[in-house]
Amino acid sequence: MIITPNPRNGTSSTKSGAPISFPMAPTGGCRSILPTICKRPTGPTCDGCHSVGYDIHTKKVAEWNVGCERCHGLGSEHVAHPTRGNILNPAHMDYVQATDTCIQCHSQGRPLTSPIEGKYYDWPVGYQPGSNLQDYWKLEEHNLGETTFTHFPDGTAHKNRMQGNDFVQSVMYRRGVTCFSCHDVHGTDNYAQLRKPGDQICLDCHSPLSLNGPRTATIEEHTHHKKGSTGSSCIACHMPKIATTIADVKVRAHTFAFITPDMTDKYKIPNPCTSCHTDKTTAWATEAMRHWPERSPWRLQ
Ligand code: HEC
Ligand code: HEC
Ligand code: HEC
Ligand code: HEC
Ligand code: HEC
Ligand code: HEC
Ligand code: HEC
């Protein structure tokens, strides 16, 4: 395979259910953002996540890009006799297998058996949707307290394409919220294929006094910023842009945890308050939050 990433145009898929156009194409010269990749074989390092049915022996694929079968399982029987019964739907799986259909590609890890026939793969060789990803793949290891290429000291992703590593740490994951509760991979008009734009999707499940939190009568009482202020955006505080793609291009954390100013002091993890209030110190932010009565001070230090 030769890599020809298309420029991202924000409309990587359509509402009509047309195949999702992902950026990898099997022909053309190498224009990768990482030029060294062009000189290396991409099979073990890339192709398994950018195709359907990659065969590690023949190096042939059923199809390039993220086709339906990567999430719905093998579909030849379904194509011959289309019924709901002979195709997998992640929405009907338990929460682990459901989210595994996304984690198979949106994570950093390594195959359980490694190397496989002498080669080191960066993708879960052999996994099919509906089976347990855990039987094929383990998420990248990390020791708390260490800053690595992949992780911040608290275990939050340090690089891109680790939404799976992040999300499994969230309470939401354990309560059955899935990646596709928020994203519709068949395409939407919103950024990142969200079902609704950023904060609106949160409020679907987190209206004031919701049992899911925040446990305040109004949103402003929770955010301590005016309605409509950038500082009252759920994703500004709960999904800070700290996972590095390349240079200073960053994507959002998916642990949904609030990173305290104190963690910036102790572990050098950027906190959302002083990342936005760039003229202020972490001590200023900590002091401000001391006056936010509904927050536990023990959790903010
Ligand atoms: C990246 C993963 C992924 C890909 C690729 C994908 N789907 Fe889906 N599909 C899902 C998930 C997750 C659901 C359940 C949630 C939802 O409805 O969005 C779903 C649901 C559906 C449903 C609704 C089923 C029902 O019972 O209501 C249809 C129809 C469907 N997909 C068709 C397709 C087709 C056709 C393709 C290829 C063009 C495709 N999907 C590609 C993940 C995917
Ligand atoms: C076979 C690998 C694969 C699987 C499985 C997969 N993805 Fe992706 N996903 C990709 C690739 C490759 C891209 C990059 C496409 C692009 O840049 O538009 C992508 C992009 C995305 C984006 C960003 C789109 C944008 O416009 O910025 C979202 C959101 C996403 N995937 C969510 C999901 C969810 C949710 C699932 C599970 C239902 C899933 N993906 C399953 C490979 C995969
Ligand atoms: C474990 C699965 C996996 C592997 C291995 C993988 N990718 Fe991806 N790739 C993804 C997913 C998921 C996305 C979309 C999400 C993101 O960009 O964070 C993506 C996005 C991309 C994009 C589009 C970025 C953009 O902004 O549109 C390019 C180009 C790319 N990958 C190239 C590569 C190359 C080259 C390799 C091999 C060195 C590789 N990928 C290995 C899963 C993978
Ligand atoms: C609770 C809602 C929610 C869940 C669950 C969720 N996401 Fe997201 N995701 C978002 C929001 C919100 C954004 C970014 C919105 C923005 O920047 O405007 C986003 C952004 C992304 C992006 C684009 C990269 C970026 O940060 O700009 C990818 C890829 C993605 N999510 C994949 C996933 C995958 C894979 C999962 C499951 C492992 C997942 N998401 C779970 C809400 C969610
Ligand atoms: C489909 C419903 C749903 C959506 C959408 C949703 N949440 Fe949640 N969220 C939950 C549930 C359920 C819990 C767990 C509540 C509990 O058991 O205490 C939760 C818990 C949380 C928590 C508590 C800590 C943790 O680790 O998860 C935070 C923070 C949070 N959500 C933020 C967000 C943000 C930010 C968004 C929007 C990007 C969002 N949620 C969208 C359902 C949702
Ligand atoms: C994405 C940007 C953003 C984030 C994140 C953010 N703020 Fe703000 N903040 C603002 C803006 C804009 C204002 C101006 C007043 C308003 O809109 O409410 C403000 C006002 C304030 C004020 C009152 C005015 C002042 O300067 O004394 C305090 C105190 C404050 N923020 C503290 C915090 C703390 C603490 C955090 C982290 C928990 C935080 N902010 C996170 C944007 C942000
Ligand atoms: C200015 C920063 C900030 C903004 C904006 C913000 N939060 Fe929070 N949120 C926090 C802090 C700080 C906590 C407490 C974290 C802890 O105890 O670990 C928290 C906790 C939560 C919790 C856990 C339950 C609780 O009440 O403590 C949920 C759920 C939550 N936020 C949802 C949201 C939603 C939804 C939005 C958007 C409407 C939002 N947050 C906007 C800072 C913010």
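The preceding data block contains the structure.
No experiment lies behind these values; they were computed from the predicted model shown.

## Considerations on the overall build of the protein
The secondary structure content of the protein amounts to 12 helices and 6 strands. For the protein, with 301 residues in total, the buried portion stands at 21%. Across the protein, the fraction of contacts at a sequence separation of at least 24, relative to all contacts at a separation of at least 6, is 47%.

## A closer look at the nonpolar core
In this structure, Ala-157, Met-162, Met-239, Ala-243, Ala-253 and Phe-256 together form the largest nonpolar core, which totals 6 residues. Excluding residues that lie within four positions of it along the chain, Ala-157 makes contacts with His-151, Met-162, Asn-165, Asp-166, Ala-243 and Ala-253. Listed in part, the 5 residues of the second largest apolar core include Ile-103, Tyr-127, Leu-133 and Trp-137.

## Observations regarding the site of ligand 5
Within the structure, ligand 5 sits among 19 residues, and Val-171, Arg-175, Cys-202, Cys-205 and His-238 are positioned closest to it. The set of elements that each furnish at least two residues to the shell around ligand 5 consists of helix 5 (171–174), helix 6 (179–182), helix 7 (198–205) and helix 9 (234–238). The element contributing the most residues to the shell around ligand 5 is helix 7, with 4 residues. Partitioned by chemical class, the residues of the shell around ligand 5 number 11 nonpolar, 6 polar and 2 charged.

## Regarding unusual backbone geometry
Residues Ser-114 and Pro-115 are joined by a peptide bond in cis, for which omega reads 0 degrees. Note that Pro-115 resides in the loop between strand 3 (109–111) and strand 4 (137–139). In the segment running from Gly-213 into Pro-214, the intervening peptide bond is cis, with an omega of -10 degrees. Here Pro-214 is to be found in the loop between helix 7 and helix 8 (219–223). Phi at Lys-59 takes a positive value of approximately 60 degrees, unusual for a residue other than glycine. Its identity is not glycine, yet Asn-65 carries a phi of approximately 75 degrees, on the positive side. Turning to its location among the elements, Asn-65 is positioned in the loop between strand 2 (63–64) and helix 1 (69–72).

Conventions and cut-offs
Residues numbered from 1 in each chain as written. Chains lettered and ligands numbered in written order. Predicted model: local features only at pLDDT ≥ 70, side-chain atom pairs only at ≥ 80, totals over all residues. Helix = DSSP H or I, 4+ residues; strand = E, 2+ residues; numbered from the N terminus. Buried ≥ 20, exposed ≤ 12 C-beta atoms within 10 Å, placed from the backbone. Contact = placed C-beta atoms within 7 Å. Core = buried A, V, L, I, M, F, W, Y, C linked by C-beta atoms within 7 Å. Near = placed C-beta within 6 Å. Nonpolar A, V, L, I, M, F, W, Y, C, P; charged D, E, K, R; others polar.

Coordinates in, geometry out; function isn't part of it.
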